[in-house]
Amino acid sequence: MPAPRLSAAAFVEGLLAGQRGVLSRAITLAESTLPADRALGQEVLQAVLPRTGRSLRIGITGVPGVGKSTFIEALGRHVVETLGKKLAVLAVDPSSQRGGGSILGDKTRMPWLSAHPAVFVRPSPAGGSLGGVTRATREALLLCEAAGHDVIFVETVGVGQSETAVHGLVDFFLLLLLAGAGDELQGLKRGIMEMADALCITKADQANELAARRARIDYQNALHLFPPAPSGQVVPVLLTSAVTGAGLPETWATVETYAAAARASGYFAQRRAEQQLQWFEDAVQQALAAQFYGRAGVRGALADVRAAVAAGQLTPWAAAERLLGAE
Ligand SMILES: Nc1nc2c(ncn2[C@@H]2O[C@H](COP(=O)(O)OP(=O)(O)OP(=O)(O)O)[C@@H](O)[C@H]2O)c(=O)[nH]1
Ligand SMILES: [Mg+2]
């Protein structure tokens, strides 16, 4: 039997008390496309908004299999065990058709984090559009903050647009790389390198260590050719191993040093403000589209107009104008 529906007040109380079950259900609400769920979700978010914004949000990207989840397990453990932080791990994977399978995948790659009471691990909502998944993850981030999580990792698989979306959600963006694999093999576009606040060459252990050191020099040289990062800070290239733990404390120290400098310079607040405005603009576009396609006149004429556009009988602009005039 499904759990009885919580009231907005019960959601808010449970969230602020840091109850994991309530946090989980609030995120499910944020992922829902049902109007009633959306309305309740918005009410809850608005109520907890003053308690959000205080975490350090860190995006982690890299090609499939580069070691993101294992890295998060190891770095997360350092952050929780050594520094006593309350961590949340979210994932953005719009291509994910795995449903329950991805839950299993993430939890088996992160056994220590998944079992720890101070850590909340949430896989990507399955099979949605990138816009839908991004919106749900933004809201999940705020809900985790309201529940007291002060460090949030967002894992995204670096194969398409999702890393741009995640870059727009986080304070620090970390790109994981493999030594020995060419940039083409890693699907690396220059734009992704330009978004990174730090690069980590992963799996720098065993037979891979020497290659990792060489790759570090190559990437440092490549970064010199880039324009300075908007943060004004140097983008370091780190060597890490999730297996031996090498480089993980240094990686965390890099994140904290960056955040302290960005706070002092005002860049941290500026980046957050820009992200909030982007969020607002996305919300306006989504609401306008929903309103437009929801109109009876548009619904009635849409099939014919689409057919005329596809057949080249009507320009897309004229078609849009015609429908915008429909009630
Ligand atoms: N030697 C070594 N192996 C590693 C390390 N980190 C991860 N691996 C292995 O690399 C494989 C992929 O690791 P994952 O953490 O699942 O990679 P991922 O990037 O999260 O993969 P997706 O979520 O599928 O995109 C696993 O077999 C890991 O055991 C490391 O630091 N050293
Ligand atoms: Mg993973």
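Residues numbered from 1 in each chain as written. Chains lettered and ligands numbered in written order. Predicted model: local features only at pLDDT ≥ 70, side-chain atom pairs only at ≥ 80, totals over all residues. Heavy atoms only, no water.

You'll find the chain entered in an unreviewed UniProt entry as LAO/AO transport system kinase, with Hymenobacter caeli given as the organism.

Here the focus is the environment of Val170. For Val170, the location among the structural elements is in the loop between helix H8 (162–167) and strand E5 (172–178). Measuring from C-alpha to C-alpha, the distance between Val170 and Thr61 comes to 12 Å, with 109 residues separating the pair along the chain. The residues contacting Val170, other than those within four sequence positions of it, are Arg57, Ile58, Gly59, Val154, Arg271 and Gln275. (Helix = DSSP H or I, 4+ residues; strand = E, 2+ residues; numbered from the N terminus. Contact = heavy atoms within 4.5 Å.)

As a further point, take the coordination of the magnesium ion (ligand 2). Geometry reference: four tetrahedral donors at a metal, ideal angle 109.5 degrees. Six octahedral donors, ideal angles 90 or 180 degrees. Looking at the metal site, the magnesium ion (ligand 2) is ligated by Ser69 (OG) and Glu155 (OE), spaced 2.1 to 2.3 Å from it. Of this pair, Ser69 sits in helix H4 (residues 68–82) while Glu155 sits in strand E4 (residues 151–157), and the two are 86 residues apart along the sequence. Both residues of the pair, Ser69 and Glu155, belong to the buried class. (Donors = N, O, S within 2.8 Å, 3.2 Å for Na, K, Ca; no water. Buried < 20%, exposed > 50% of the residue type's maximum accessible area, 1.4 Å probe, protein only.)

A few words on the site of ligand 1. Not every one of the 16 residues close to ligand 1 is listed here, only the nearest: Lys68, Thr70, Arg109, Asp205 and Ala242. The separation between an oxygen atom of ligand 1 and a polar main-chain atom of Ser69 is 2.8 Å. Between Asp205 and ligand 1, the recorded distance is 2.7 Å, taken from a side-chain N or O atom to a nitrogen atom. When isolated, ligand 1 has an accessible area of 660 Å², and the protein chains bury 73% of it. Only H4 and E4 provide two or more residues apiece to the shell around ligand 1. Sort the elements by how many residues they give to the shell around ligand 1 and H4 lands first, with three residues. (Near = heavy atom within 4 Å. Polar contact = N/O pair within 3.5 Å; in protein donor to acceptor, adjacent residues only side chain to side chain. Areas by Shrake-Rupley, 256 points an atom, 1.4 Å probe, with all protein chains shown as cover.)

A few words now on the packing of helix H1 (residues 8–16) against helix H3 (residues 35–48). Running from amino to carboxyl end, H1 crosses H3 at an angle of 45°, the nearest separation of the two axes being 9 Å. Judged on the interaxial angle alone, H3 and H1 are oblique. Pair H1 / H3 crosses with right-handed handedness. Contacts from Ala8, Phe11, Val12, Leu15 and Leu16 in H1 reach Leu40, Glu43, Val44, Ala47 and Val48 in H3. Residues belonging to the contact of H1 with H3 are distributed by class as follows: nine nonpolar, no polar and one charged. (Axes fitted to C-alpha atoms, helices over the stretch in contact; angles between N-to-C directions. Parallel < 35°, antiparallel > 145°, perpendicular 65-115°, else oblique. Left-handed = near helix turned anticlockwise from the far one by under 90°. Nonpolar A, V, L, I, M, F, W, Y, C, P; charged D, E, K, R; others polar.)

Along any regular strand the residues' side chains alternate between the sheet's two faces. Burial within strand E2 (residues 87–92) is extensive, with six of its six residues counted as buried. The side-chain alternation of E2 yields two buried faces, one formed by Leu87, Val89 and Ala91 and the other by Ala88, Leu90 and Val92. By the bridge criterion, four bridges tie E2 to strand E3 (residues 119–122) in an arrangement that is parallel. Bridge pairing in E3 links Leu90 to Arg122. (Pairing = 2+ DSSP bridges.)

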